[in-house]
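Here is what each chain is made of, one letter per residue.
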Amino acid sequence: MVDLSSHRTPAPAAHTAAAETSTPRIRTIDTNRPWVWLAAGWRDMWAAPMVSLGYGLLAVVSSFLLTAGLAMADLAYLILPLAAGFMLVGPILAVGLYQTSRLLEQGRPVTLSAIIAAYAANGAQIAAIGLVLMLAMLAWIRVAFLIFAIFFSSDPPPLDMLVDRIFFSAETIPFLLTGTIVGGVIAALVFAISVISLPMLLDRDTDVITAMGTSVEAVRHNIQPMAVWAGLIALFMAAGMSMAFIGLVLTFPLIGMASWHAYRDLVEHR
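Since this is a predicted model, take the numbers as computed values, not measurements.

This part takes up helix α8 (residues 173-194). Count 3.6 residues to each turn of an α-helix, and residues three or four apart come out pointing the same way. In a regular helix each residue adds 1.5 Å, so 22 residues correspond to 32 Å; α8 covers 31 Å between its end C-alpha atoms and thus fits that length. Among the residues making up α8, those that are buried are F175, G179, G183, I186, V190, F191, A192 and S194.

As a further point, take the packing of helix α2 (residues 49-72) against helix α12 (residues 248-266). The interhelical angle for the contact between α2 and α12, taken along N-to-C directions, is 125°, at an axis separation of 7 Å. What the angle tells us is that α2 and α12 run oblique. The hand of the α2/α12 crossing is right-handed. Across the interface between the two elements, S52, L53, Y55, G56, L57, A59, V60 and S63 from α2 touch L248, V249, L250, F252, P253 and M257 from α12. Class assignment for the residues of the contact of α2 with α12 results in eleven nonpolar, three polar and no charged.

A few words now on the confidence of the model for the protein chain. Here the protein chain averages 83 in pLDDT, and 83% of its residues register 70 or above. Within the protein chain, helix α1 (residues 33-47) carries the highest mean pLDDT (97), whereas strand β1 (residues 16-17) carries the lowest (40). The low-confidence segment residues 1-21 (pLDDT under 50) makes 42 contacts with residues lying over four places distant or belonging to another chain.

Attention now moves to the pattern of salt bridges. Under the counting rule described, the total for this entry stands at six salt bridges. For the salt bridge of D203 with R264, the shortest nitrogen-to-oxygen distance reads 3.9 Å. Of this pair, D203 sits in helix α9 (residues 197-203) while R264 sits in helix α12, placing them 61 residues apart in sequence. When sorted by exposure, D203 lands in the same class as R264, which is buried. Of the charged contacts in the structure, one is a salt bridge between E217 and R220, with a shortest N-O distance of 2.9 Å. Residue E217 and its partner R220 are located together in helix α10 (residues 208-221), separated by three residues, close to a single helical turn.

All right, on to the nonpolar core then. Counting residues in hydrophobic clusters, the biggest one holds 64 residues, and the most contacted among them are W37, L198, M226, W229, M237 and F252. A total of ten residues in this core trace back to one element, the largest contributor, which is α12. The residues touching L198, leaving out its near neighbours within four places in the chain, are P91, I92, V95, Y98, I126, I129 and L133.

Before going further, it helps to spend a moment on unusual backbone geometry. The backbone phi angle of A244 is positive, close to 55°, even though this residue is not glycine. Residue classification places A244 among the partly exposed residues on the basis of a relative accessible area of 43%. The backbone phi angle of F245 is positive, close to 75°, even though this residue is not glycine. On the secondary structure map, F245 appears in the loop between α11 (223-242) and α12. Residue class for F245 comes out buried when judged on its relative accessible area of 14%.

Analysis parameters
Residues numbered from 1 in each chain as written. Predicted model: local features only at pLDDT ≥ 70, side-chain atom pairs only at ≥ 80, totals over all residues. Heavy atoms only, no water. Helix = DSSP H or I, 4+ residues; strand = E, 2+ residues; numbered from the N terminus. Expected span 1.5 Å × (residues − 1). Buried < 20%, exposed > 50% of the residue type's maximum accessible area, 1.4 Å probe, protein only. Axes fitted to C-alpha atoms, helices over the stretch in contact; angles between N-to-C directions. Parallel < 35°, antiparallel > 145°, perpendicular 65-115°, else oblique. Left-handed = near helix turned anticlockwise from the far one by under 90°. Contact = heavy atoms within 4.5 Å. Nonpolar A, V, L, I, M, F, W, Y, C, P; charged D, E, K, R; others polar. pLDDT = per-residue confidence, 0-100. Salt bridge = Lys/Arg side-chain N within 4 Å of Asp/Glu carboxyl O. Core = buried A, V, L, I, M, F, W, Y, C linked by side-chain atoms within 4.5 Å.

Okay, structure coming up:
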């Protein structure tokens, strides 16, 4: 059984693997480690509930407003790809959550000023990777729009039939397969470069290239556990969105705070 007793994510007993670049040393971890990260993130949430639930509530309100805006603009077909795109830019939106877990780990008080300061720490490099993630999201939206136009240009489904028409109709299987494959490729690339790069930029005085390279190395050295982690992120975020976005109150801060512990587990401490 997995030991979930301590607040800090315990260091794995596995050996380390050094990257043959200037990146920090990467630990090789066990496949069950993502569950430990989730447990640590859950504890962090309730150690700082005002911050965590505030972030989650902001995600819910933003999702409601965006959905309403798209519906009023007769662009309801963009709701689903934008919901998927939220997962691409989620890492940059969760910087304050990483900082909260970092402060808790260090035994420091979690204050608004300390959280805001997270965005200023190594700000240029954090902004650079934020730009990369935003470009990835825009690319996905563009591709999703093209795929939708190919399959539905002659008969776009109305908002009240969007889910039934897309997910419960046999005629849309080619559309779903195409969107899933293309979206999966983009998501995998974004996951590889961002899964630990933003927490690393928050924690260390390093550059965005080194951070993204370290993230890719962490995934490469730990294919199976990182595949589990990617699946859990997708599952929890999709579950939160499926409940009319209300579930994001819990799932968004949970994944954000667990991601800090993933970084601490995967990258050898200085």
